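For reference, the chains in residue letters:
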Amino acid sequence: MYEKNWGASQPGCLILLLDQSGSMELPFGRGVAGGGRRKCDMVATVLNGFLNELITINTIPYPDGSMQVRPRAEISVLGYQENRVAPALDGPLGGKVMVNLPELAANPVNIEMRNAKEVDELGRVVEIPMPFSIWVLPKTAGGTPMCAALQRAGELADQWARSHPGNYPPVVVNVTDGASTDGDPTALAHALGQISTVDGQALLYNVHITEHNLPPVEYPVSEAELPNDEFARLLFSISSPIPETSRTLLETVAGRRVSPGARGLIFNGDAASIQQMFTFASAPAKATNPNM
Amino acid sequence: MFATVKRLAYWKSEHDDKTCEDASLFDAAAGLFAVADGAGTAAFSNIWARIIVEHFLAVPLMSDDRFEVEWWLRIAQEEYSKKAPPLAAMQGAARKKAQEGSYTTLVTLRICAVERERVQVDLCAFGDSCVLVCRAGSGEDNLRFPLEKAADFARGPICLPSYLKRFDRNFTRCLVRSTSFAPGDRVMLATDAVAKWVIGGGGQGEACYQEAFEHVAGQTIEGWPDFIQQCRESEQMVDDDVTALVLTFERDGARAPDSQELGAAIEHLREVQEARRRAFEEAKQRQDKEAMAIAYGDGRVFGNSVGQFSPEIAEARAVADALHEVRQALRGAINTPDPQSIVGPIWRKHQAMLEREVCAQEIVESLRQNGLLTPPPAAQTPLPPFQPRAHVPAPVPGPAMLERSRPAVALTPSSEHSGVANRLTTPQQESQLLAGLQKALEVNDEEQMVAVYEAILRSPVRANLLLTTEQEARVQQARQRAKALVHLLPLLRNGTPEEKVTAFDYESEENQQWLKPEELEQVSLARNFTEALKANDDQELWRAYQMILHSPTRPTFLLTGYESRLRQVQASPELASLPVNAHLRDLEQAVGEGNLEQIRAAFEVLRLNFADLPGQLRQRVEPAVKLVRAMEEDSRQADETVIQAYNALFHVPGNRSRFVPEVQYQQRVQQAQRRLQAPEQSWRVYCTVNNRPVMMKRIGDLEALRSWYVTLRYQELGKRLGAGEDRATRLEWEELGEMKQDKPEKILTEDCLIQEALEGENAQGKLNRPEFEGYLQDRVRGLLPRLRKEAANAPAVQGLEDVEIRAVLEVFVRRRWFAGYLAQQGNHLRDWLKKQKKKADIREMY
């Protein structure tokens, strides 16, 4: 179980749920990654950065300067705010629920040139212009209809799993900064977890971010590791256990030991937590072994 | 010997024969075979993998030395820069990916010697491409290298990068292994997918390794794609490029028409060697130590024994490693919000070594441009702390330096310096410096002590430095140690086991004596680790690793570069039965029970040195084991050991409740004491003072006496100089300052030799004793009461009479006059003095 890699012939499915409620306007605490910037801005930045990275990894450049983006993943980005759930990709892909990587690569809202600093072989710091594509713009309004988002994600995942029964199961990452305002999402989350392919059941990972300078709890094994908070316990109960086949990989991504049975949950996280979870969730697209 | 070689190659479903990222190449006549697996996540890995195998055949890598690997890899990287498509032609994500460069694993087989019945080979592997062996005989010793279990393939492999900026010589390490093959043996060099399949017994479990090997080895070139497709469809093999070179060794070539005679590769081509020597000489001429270290590599081309480096090369390697660490830190930090917090400590650690090095100029400039250099020192003219020279206008030592009655450290800068025009430090920074030194002294942090003290000396705040003599002595000792061990100490504080051992071995024996016991223990742990690593001995490596983990010096060890190797070791089946941890627990239990025989038994099962044990356990185990061992011997040396170990074991406060001396130990100790008394009583006498023996244990206390004398006398002379210039006073004052720089051991040894000789001559009435003693009256008499007071805590001083103190100090103060005597100890002192009597100083004394 959970052994398939994402490939052009057996792509993976990644559904990203973004909380776009009004509280995402608040800035992250000063002491954390993304400190001082609005949570919605940081989530958009991290998500765009992640999509850029995913495309780069799955791009094959050819000696003549041309390139091919391998369709190793199908991506859905859904935003939830007020009382609705809608595709969050902007620009030419606006309104599209599911896109593959070549489509994504070819249709950004905008391409910014950003300078990344690099240290060359002699130790000189050089600035390298890097194209940075934008697909998602920050938006915020109203409440947190998490139930509606999980409902929609479940529908998409089910549809996708039926059409790709032999592939790695769908992975859903939910980024939120607060409790659901449209009910208890437990039943919907558990229903999502029942969707499966031959390689396993769909996975739901949750990243809770906060504007307070609180220590994050990453990949807890039990509720006892969480703060005494009802919402924390709820997120724990709806987060999937990390598949054992991915645990070593997660340890590499997280830079820390992850115990067997750990849940795919980061509570009280920051911008770096979102990046970490996206990277981990999409790992099958990069292949466990880079030689493949 | 001959071999038939079969090359099996197929590609993943996304690839074709041109885009396949595996590469393999061999030259049987040269004895070289290589398989590489380009990383699918990187750009142009097919090009890079091809370059790497071609490069290995042209210039085989013959060592796992870090610098040898870098020398070898750099040549291949140059080739890549010529053959890789130009970045300018690429756009967007393609360009971004190409900028990251390519990566590949590599596994090689190099024949080192060919005999009729056997070939000797060296195997080398970066990453998870493997050598798999199927012996002709029983099937035992079927080597799998470097990975041995199917589960090992789940981890990301180490890869060779095509760009130098992506290469970390401490991380990108190869594993090597030597073995031999006989006729009938078969060997497979395979990329990861097929290697994993074979090691996993073709999906039937690792016990079916041999059958799986036979299955692959029996494939034909034409049938290979079908075989791979079947494996993929049955989900036994992942969809990846799959390459294997299958070698079958034969005694002669008669049985197989396509067999090839094997040759050996034992050295590089002459032109390669010459180019390398030239590169080294050029680097040496421009004093580029990093380039020297890399061109030198493992030194074999230069006639060097492997692992043994001259001081020049050792220094070059140390500089290159320091520079590398700073570069790596800068790479990791440059795009973070606070690079200073990451790069700053690393730079300060290596600043003294690097800032004037030619090879470090670029990085220094980068750090400067990015505001990452440590703030420059405040004063431009450093002031020696305690070493005034004749040609330097010596500062009058006012009360600032030595006044005992004033506070130990002044916490507020003086107002007289607050308006200095060229001042580069603020009053707040000055206060921080002074407080920093006090803190370092309190916690006995030598590194910090030296760093802050040196910073103070370069700043206006130096005038406010008020240290007690003890503190001054402590700081000076730390500075001397830091100076003597300038290369070693940073690595002992933070270095890989190999760095620690190499740096230790480069130090002279004299310098090594500066090391503290815990540092020697650290070197011993590091040596066990590196030797096990070199021997590729999993059990020893794991044992050494465990010892490091259990040691209090664990935080000083950088082990990240060995993680891959240690993971392999951890996964090896042999380790499950390794009893080291259980034995350690047995040992701890025996110590807890206080049973000496059991302690010895548990320790000896471990087959460790005492230094390998964790510090606290060692303190209890070492004397116990030594005592039990010595109990069985009957010699003078054993007598000494019995007494020392008995004292250490039963008289150490923490041990009293733990160990209860049994009768046989008490009897043996009494016997030893009786034997060691009487005729050979003087064996423990270091020297005599007025016919009273000075025992070894008192030497340290006498040193304290001398130290106080220097302090007080220096202060007194300073006051005199303040009142008016006096040549003799100034000379003595300067001499005292210089004495302070000598190592205590040297002073003590020389003093004792002089003392012995003086006493010998005096006992025969050949010296004018009253005059001899009288010399010191002027210097010491007034200081005696204060000396008594200051050295009150030194037990040996408490036991001395005034006349003895004077005698000790007399020799100390005048010891420089005896330099010639010390150089010619064959002479009697009296004869030597006669020869010297024309000299004014000697006439004055005698």
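Conventions used here
Residues numbered from 1 in each chain as written. Chains lettered and ligands numbered in written order. Predicted model: local features only at pLDDT ≥ 70, side-chain atom pairs only at ≥ 80, totals over all residues. Helix = DSSP H or I, 4+ residues; strand = E, 2+ residues; numbered from the N terminus. Buried ≥ 20, exposed ≤ 12 C-beta atoms within 10 Å, placed from the backbone. Contact = placed C-beta atoms within 7 Å. Nonpolar A, V, L, I, M, F, W, Y, C, P; charged D, E, K, R; others polar. Core = buried A, V, L, I, M, F, W, Y, C linked by C-beta atoms within 7 Å. Pairing = 2+ DSSP bridges. Arc of directions from axis to C-beta. Axes fitted to C-alpha atoms, helices over the stretch in contact; angles between N-to-C directions. Parallel < 35°, antiparallel > 145°, perpendicular 65-115°, else oblique. Left-handed = near helix turned anticlockwise from the far one by under 90°. Expected span 1.5 Å × (residues − 1). pLDDT = per-residue confidence, 0-100.

## Observations regarding the overall build of chain A
Line of reasoning, step 1. Secondary structure summary: chain A contains eight helices and 14 strands in total.
Line of reasoning, step 2. Considering chain A as a whole, with its 292 residues, one finds that 50% of them fall into the buried category.
Line of reasoning, step 3. Expressed as a percentage of contacts within chain A between residues at least 6 apart in sequence, the contacts between residues at least 24 apart total 75%.

## Section: the overall build of chain B
Line of reasoning, step 1. Within chain B, the regular secondary structure consists of 38 helices and 14 strands.
Line of reasoning, step 2. The buried share among the 846 residues of chain B stands at 42%.
Line of reasoning, step 3. Here the analysis covers contacts within chain B between residues at least 6 apart in sequence; of these, 70% occur between residues at least 24 apart.

## Points about the interface of chain B and chain A
Line of reasoning, step 1. Between chain B and chain A, the residue contacts involve 41 residues of the former and 34 residues of the latter.
Line of reasoning, step 2. Among the elements of the structure, helix 3 (92–100), strand 4 (103–114), helix 9 (311–333) and helix 11 (361–369) of chain B are those that each provide at least two residues to the side of chain B that touches chain A.
Line of reasoning, step 3. If you tally residues by element for the side of chain B that touches chain A, the top one is helix 3 of chain B, at seven residues.
Line of reasoning, step 4. Considered class by class, the residues forming the side of chain B that touches chain A number 18 nonpolar, eleven polar and twelve charged.

## Observations concerning the nonpolar core
Line of reasoning, step 1. Core analysis: the largest hydrophobic core is formed by 237 residues, its most contacted members being Leu 17, Val 172 and Val 173 of chain A together with Val 198 of chain B.
Line of reasoning, step 2. In contact with Val 172 of chain A, other than residues within four places in its own chain, are Ile 15, Leu 17, Ala 153, Ala 157, Leu 192, Ala 202, Leu 203 and Leu 204 of chain A.
Line of reasoning, step 3. The next biggest cluster of nonpolar side chains, apart from the first, holds 24 residues, and it includes Ala 602, Phe 603, Leu 627 and Ala 645 of chain B.

## Looking at the pairing of strand 11 (residues 242–250) of chain B
Residue and element names in this part refer to chain B.
Line of reasoning, step 1. Most of strand 11 sits out of view: nine of its nine residues are buried.
Line of reasoning, step 2. Side-chain alternation along strand 11 places Val 242, Ala 244, Val 246, Thr 248 and Glu 250 on one buried face and Thr 243, Leu 245, Leu 247 and Phe 249 on a second face that is also buried.
Line of reasoning, step 3. Across nine bridges, strand 1 (residues 2–10) lies against strand 11 in antiparallel orientation. If you follow Thr 4 over to strand 11, its bridge partner there is Thr 248.
Line of reasoning, step 4. Looking at chain direction, strand 10 (residues 186–190) and strand 11 are connected through five bridges and run antiparallel. Paired with Met 188 across the two strands is Val 246, which belongs to strand 11.

## Considering helix 6 (residues 244–254) of chain A
Residue and element names in this part refer to chain A.
Line of reasoning, step 1. Every buried residue of helix 6 is accounted for by Ser 246, Leu 249 and Leu 250. For helix 6, the buried positions fall inside an angular range of 110° around the axis, keeping them on one side.
Line of reasoning, step 2. Count one or two residues on from helix 6 and you reach Gly 255, which has phi positive near 70°.

## A short note on the packing of helix 2 (residues 66–83) of chain B against helix 8 (residues 289–296) of chain B
How two helices pack is summed up by the angle between their axes together with the distance between the axes.
Residues and elements named next belong to chain B.
Line of reasoning, step 1. As a packed pair, helix 2 and helix 8 sit with axes 7 Å apart at the nearest point and diverge in direction by 90°. As the angle between them shows, helix 2 and helix 8 are arranged roughly perpendicular. On the side of helix 2, the interface is formed by Phe 67, Glu 70, Trp 71 and Arg 74, while helix 8 contributes Ala 293, Ile 294, Ala 295 and Tyr 296.
Line of reasoning, step 2. Of the residues in the contact of helix 2 with helix 8, the class split is six nonpolar, no polar and two charged.

## Notes on the environment of Asp 41 of chain A
Residue and element names in this part refer to chain A.
Line of reasoning, step 1. Position of Asp 41 among the secondary structure elements: in helix 1 (residues 39–57).
Line of reasoning, step 2. You can call Asp 41 partly exposed: it has 18 C-beta atoms within 10 Å.
Line of reasoning, step 3. Along the chain, Asp 41 and Met 24 lie 17 residues apart, while their C-alpha atoms are 8.5 Å from each other.

## Description of the packing of helix 9 of chain B against helix 10 (residues 339–354) of chain B
All names here are of chain B.
Line of reasoning, step 1. One can describe the packing of helix 9 onto helix 10 by two numbers: an axis separation of 9 Å at closest approach and a directional angle of 165°. With respect to their mutual orientation, helix 9 and helix 10 come out roughly antiparallel. Handedness of the helix 9/helix 10 crossing: left-handed. Residues Ala 318, Val 319, Ala 322, Leu 323, Glu 325, Val 326, Ala 329, Leu 330, Gly 332 and Ala 333 of helix 9 form the contact with helix 10, whose own contacting residues are Pro 339, Ile 342, Val 343, Ile 346, Trp 347, His 350, Met 353 and Leu 354.

## Quick look at the pairing of strand 4 of chain B
Residues and elements named next belong to chain B.
Line of reasoning, step 1. For strand 4, the tally of buried residues reaches nine of twelve residues, placing the bulk of the element in the interior.
Line of reasoning, step 2. Where strand 3 (residues 32–38) meets strand 4, seven bridges bridge the pair, whose relative direction is antiparallel. In the sheet register, Leu 32 faces strand 4, and the bridge partner there is Arg 110.
Line of reasoning, step 3. Pairing analysis gives two bridges linking strand 4 to strand 8 (residues 160–161), with the strands arranged antiparallel. Bridge pairing links Tyr 103 to Pro 161 in strand 8.
Line of reasoning, step 4. Hairpin connection of strand 4 to strand 5 (residues 119–126): four residues between the antiparallel strands.

## Points about the sheet that holds strand 12 (residues 260–261) of chain B
In sheet architecture, strand pairing relies on hydrogen bonds along the backbone and comes in two forms, parallel and antiparallel.
Line of reasoning, step 1. Judged by pairing direction, the sheet is antiparallel, and its six strands sit side by side in the order 7-6-10-11-1-12 (chain B) without closing on themselves. Each edge of the sheet is formed by a strand with only one pairing partner; in this case those strands are strand 7 (144–145) and strand 12 of chain B.

## Regarding helix 2 of chain B
Line of reasoning, step 1. Between the first and last C-alpha of helix 2 of chain B there are 26 Å, a value that for 18 residues agrees with the 26 Å anticipated at 1.5 Å per step.
Line of reasoning, step 2. Among the structural elements, helix 1 (45–58), strand 8, helix 8 and helix 9 of chain B are those in contact with the buried residues of helix 2 of chain B.

## Brief notes about the confidence of the model for chain B
Caution applies to low-pLDDT regions: their predicted coordinates should not be interpreted in detail.
All names here are of chain B.
Line of reasoning, step 1. On average, chain B scores 77 in pLDDT, and the residues at 70 or more come to 71%.
Line of reasoning, step 2. Overall, residues 376–425 carries pLDDT values under 50, and its contacts beyond four positions in sequence, including any with other chains, amount to 83 contacts.
Line of reasoning, step 3. Predicted confidence is poor over residues 678–698, with pLDDT under 50, and the contacts of this stretch with residues over four places away or in other chains come to 30 contacts.
Line of reasoning, step 4. Both confidence scores are given for the complex: pTM 0.58, ipTM 0.76.

## Re the environment of Ser 21 of chain A
All names here are of chain A.
Line of reasoning, step 1. Summarising the element assignment, Ser 21 is placed in the loop between strand 1 (12–19) and helix 1.
Line of reasoning, step 2. Each C-alpha atom, one on Ser 21 and one on Glu 82, is 6.6 Å from the other, the two residues being 61 residues apart in sequence.
Line of reasoning, step 3. Setting aside chain neighbours within four positions, we find Ser 21 in contact with Gln 81, Thr 140, Gly 142, Gly 143, Thr 144 and Gly 178.

## A few points about unusual backbone geometry
Line of reasoning, step 1. Following Phe 145 of chain B, the chain continues into Pro 146 of chain B via a peptide bond in cis, with omega recorded as 0°.
Line of reasoning, step 2. Mapped onto the elements, Pro 146 of chain B comes out in the loop between strand 7 and strand 8.
Line of reasoning, step 3. Phi at Glu 82 of chain A is positive, roughly 45°, even though this residue is not glycine.
Line of reasoning, step 4. Its location among the elements puts Glu 82 of chain A in the loop between strand 4 (73–81) and strand 5 (84–87).
Line of reasoning, step 5. With a phi angle near 55°, Asn 536 of chain B is a residue other than glycine that sits in the positive phi range.
Line of reasoning, step 6. Within the secondary structure, Asn 536 of chain B is located in the loop between helix 19 (517–535) and helix 20 (538–550).
Line of reasoning, step 7. Given 17 C-beta atoms within 10 Å, Asn 536 of chain B falls into the partly exposed group.

## Examining the environment of Thr 530 of chain B
Residues and elements named next belong to chain B.
Line of reasoning, step 1. By the secondary structure assignment, Thr 530 is in helix 19.
Line of reasoning, step 2. Here Thr 530 falls in the buried class, since 20 other C-beta atoms lie within 10 Å of it.
Line of reasoning, step 3. Put simply, Thr 530 and Tyr 545 are 15 residues apart on the chain and 9.9 Å apart in space, counted from C-alpha to C-alpha.
Line of reasoning, step 4. Setting aside residues no more than four positions away along its own chain, Thr 530 makes contact with Pro 497, Glu 498 and Val 501.

## Thoughts on the confidence of the model for chain A
Line of reasoning, step 1. Model confidence for chain A is summarised by a mean pLDDT of 85, while 93% of its residues fall at 70 or above.
Line of reasoning, step 2. In the predicted structure, residues 287–292 of chain A sits below a pLDDT of 50 and forms 27 contacts with residues beyond four places in sequence or in another chain.

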